[in-house]
Amino acid sequence: MAGANRGAFSGKIGFVAAAAGSAVGLGNIWRFPYEAGQHGGAAFLLVYLVCIILIGYPVMSGEITLGRNTGTNPYNAYKKLGSKAWSFVGIWGIICGIMFLSVYNVVAGWAFNYFIGISFGNLLQVEDYGAYFTASTADVSDNFVYSFGFMVITAVIVSRGIKGGIEKASKILMPLLFALLLGLIVYSFTLPNAMEGIKYYLIPDFSLINVETIYSALGQAFFSLSLGMGALITYGSYLNKKNSITEAAKLVTITDTLVAFLAGLMIFPLVFSQGQSPSAGPGLVFVALPGIFHDMGPLTGRIVGSGFFLLLCFAALTSTISLLEIPATFLVDEKKWPRKTIVWLSALTIFIIGLPSMLSQGAVDSLTNFLFYEGQSKSVFDFVFDVFSDTGLPLGGLLLVIFISRRWGMKKFNEEIAVENPRYINSITKSFLNITIRYLSPLILGTIFIVTVLQKFFNVHIF
Ligand code: TRP
């Protein structure tokens, strides 16, 4: 059993703020718009929402329940309720978390770099932001400094423990992000041609939905909701029995989805008003937004622009915190080393693991053109996200629902949710979760997993 000195969240609001802080991050503001832009705009949005409801919410509830019931890290949770063999699912999650953070931190470094560039440098005087983005991601020394800096800040907060660091930061910063996003949406709507962007984002063209749309949307759902690697098992292990799991999961899911939706609503009018292509890929936000800040004039542009990238950094920070917490909680529980040592050691190791990804954005050619699949050349950066995020996280989710429904049992699952929450027993939420976790999620996740692996990595098309 977990020791009493593990720490805990102060209550439901603290938990929701931290879990939503984990969920809301680069995934919502940086990745969601460019994924949508590459896969048909509104068509992607629609498939994404279906994935959130049928897969995301059930898997999230499942993870939190497993965590709260066992009060321990993912590895130990699977071992306790399952067996030694099942504990490998927990280990797989921890591996995904480490690899994921190693690349995520590189992107966080870009955001940090843009924040500094707009606040103190001359980023607003740049003529061609597309060229600027390509050059800046290939710049080794800048990237090294900023992503190292980001990892250090993450480690400082995580080393302070659950209540002091993670919760406090999330509670202050999340509402700020929300407000700035709303302001930028209003602004973007006033730009010429904004309507084209809104249409692209909200009126679906169903002919654009194909297998790739579906697995991209599913991968994005796991990425954005922080699912599939046990982050929420970890957070759930710090959750008090008094708090309703299903309500907390609903709040987190809705918040996260809303922020992603709003990010799209902000970006597409900007992209269309500047005559850019929505399918530009990972540079989308880093190209469309500075252009607008530039047009706002030197002072306004600097204030709004630095505010935006600062909040993007904060959104990323509450996510890197949750990611670093996964190996940290695991090692604290299993090895009983001092928390500080563990945190700094993990942060440094993960930073080093991320170096090839960092250098694969143009700095080193063999890493930039690392492999060829899905009809295109892929960098180490792409490869790590493809394997450990787009494929690895849904796999973690699949194993989780199989574990809950076939090994732990729906009865025990329902009982855990109903502790101090008896209304759950006769609720629609219960019926929904039991149908999805038992049948729908395993079926959909299993099918998509097989199709994704075959199509993505082996170029075998079933559909
Ligand atoms: N959800 C975060 C985002 O959208 C990323 C993230 C943080 C994450 N912690 C996670 C993803 C744990 C999966 C698992 O930016």
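Our structure is the block above this text.
Keep in mind that this is a model prediction, so the values were computed, not measured. (Residues numbered from 1 in each chain as written. Predicted model: local features only at pLDDT ≥ 70, side-chain atom pairs only at ≥ 80, totals over all residues. Heavy atoms only, no water.)

Here we look at helix 6 (residues 129–138)
Where helix 6 is concerned, the buried positions are Tyr129, Phe133, Ser136 and Thr137. Axial view of helix 6: buried residues confined to an arc of 95°, hence all on one face. Between the side-chain oxygen of the N-cap and the backbone nitrogen of Gly130 there are 3.0 Å, and the N-cap of helix 6 in question is Asp128. (Buried < 20%, exposed > 50% of the residue type's maximum accessible area, 1.4 Å probe, protein only. Helix = DSSP H or I, 4+ residues; strand = E, 2+ residues; numbered from the N terminus. Arc of directions from axis to C-beta. Polar contact = N/O pair within 3.5 Å; in protein donor to acceptor, adjacent residues only side chain to side chain.)

A few points about a nonpolar patch on the surface
A contiguous nonpolar patch, built from Phe144, Val145, Phe148, Leu348 and Ile352 and spanning about 440 Å² of accessible area, is present on the exposed surface. Looking at the nonpolar patch, the elements with two or more residues in it are helix 7 (140–159) and helix 15 (339–353). Broken down by element, the nonpolar patch gets its largest block of residues, three residues, from helix 7. Looking at where Phe148 falls in the secondary structure, it is placed in helix 7. Here Phe148 falls in the partly exposed class, since its relative accessible area comes to 35%. (Patch = residues over 30% accessible without salt bridge, like charges linked within 9 Å, V, L, I, M, F, W, Y side chains within 5 Å. Areas by Shrake-Rupley, 256 points an atom, 1.4 Å probe, with all protein chains shown as cover. Salt bridge = Lys/Arg side-chain N within 4 Å of Asp/Glu carboxyl O.)

Concerning the packing of aromatic side chains
Using the criterion set out here, one finds 42 aromatic pairs in the structure. With a centroid separation of 4.8 Å and 55° between ring planes, the pair formed by Phe100 and Phe223 is classed as tilted. On the criterion of sequence distance, the pair formed by Phe100 in helix 5 (residues 87–119) and Phe223 in helix 10 (residues 211–225) is long-range, its members being 123 residues apart. Accessibility expressed as a relative area gives 5% for Phe100, which makes it buried. With a centroid separation of 5.7 Å and 75° between ring planes, the pair formed by Phe100 and Phe385 is classed as edge-to-face. With a gap of 285 residues between them, Phe100 in helix 5 and Phe385 in helix 18 (residues 380–408) connect regions that are remote in the sequence. The residues Phe100 and Phe385 share a single accessibility class, namely buried. In this structure, Arg31 is placed above the aromatic ring of Phe385, and the distance from its NZ or CZ to the ring centre is 5.8 Å. (Phe/Tyr/Trp six-rings, centres within 6.5 Å; stacked < 30°, edge-to-face > 60°. Lys NZ or Arg CZ within 6 Å of the ring centre and 35° of its normal.)

Some thoughts on the site of the ligand
Close contacts around the ligand come from 17 residues, with Ala23, Gly27, Tyr104, Phe223 and Ser322 the closest. Interatomic distance of 2.5 Å between a side-chain N/O atom of Tyr104 and an oxygen atom of the ligand. Ser322 has a polar side-chain atom sitting 2.9 Å from a nitrogen atom of the ligand. Within the complex, the protein chains bury 100% of what would otherwise be the 360 Å² of accessible surface of the ligand. Among the cavities detected, the one that contains the ligand is the largest cavity. Residue assignment for the shell around the ligand shows that the elements contributing at least two residues are helix 1 (12–23), helix 2 (26–38), helix 5, helix 10 and helix 14 (298–335). Within the shell around the ligand, the residues separate by chemical class into nine nonpolar, eight polar and no charged. (Near = heavy atom within 4 Å. 1 Å grid on protein atoms, 1.4 Å probe; cavity = no way out; pocket = protein on both sides within 12 Å on 5 of 7 lines; lining within 4 Å. Sits in = over half its atoms within 2 Å of the grid points. Nonpolar A, V, L, I, M, F, W, Y, C, P; charged D, E, K, R; others polar.)

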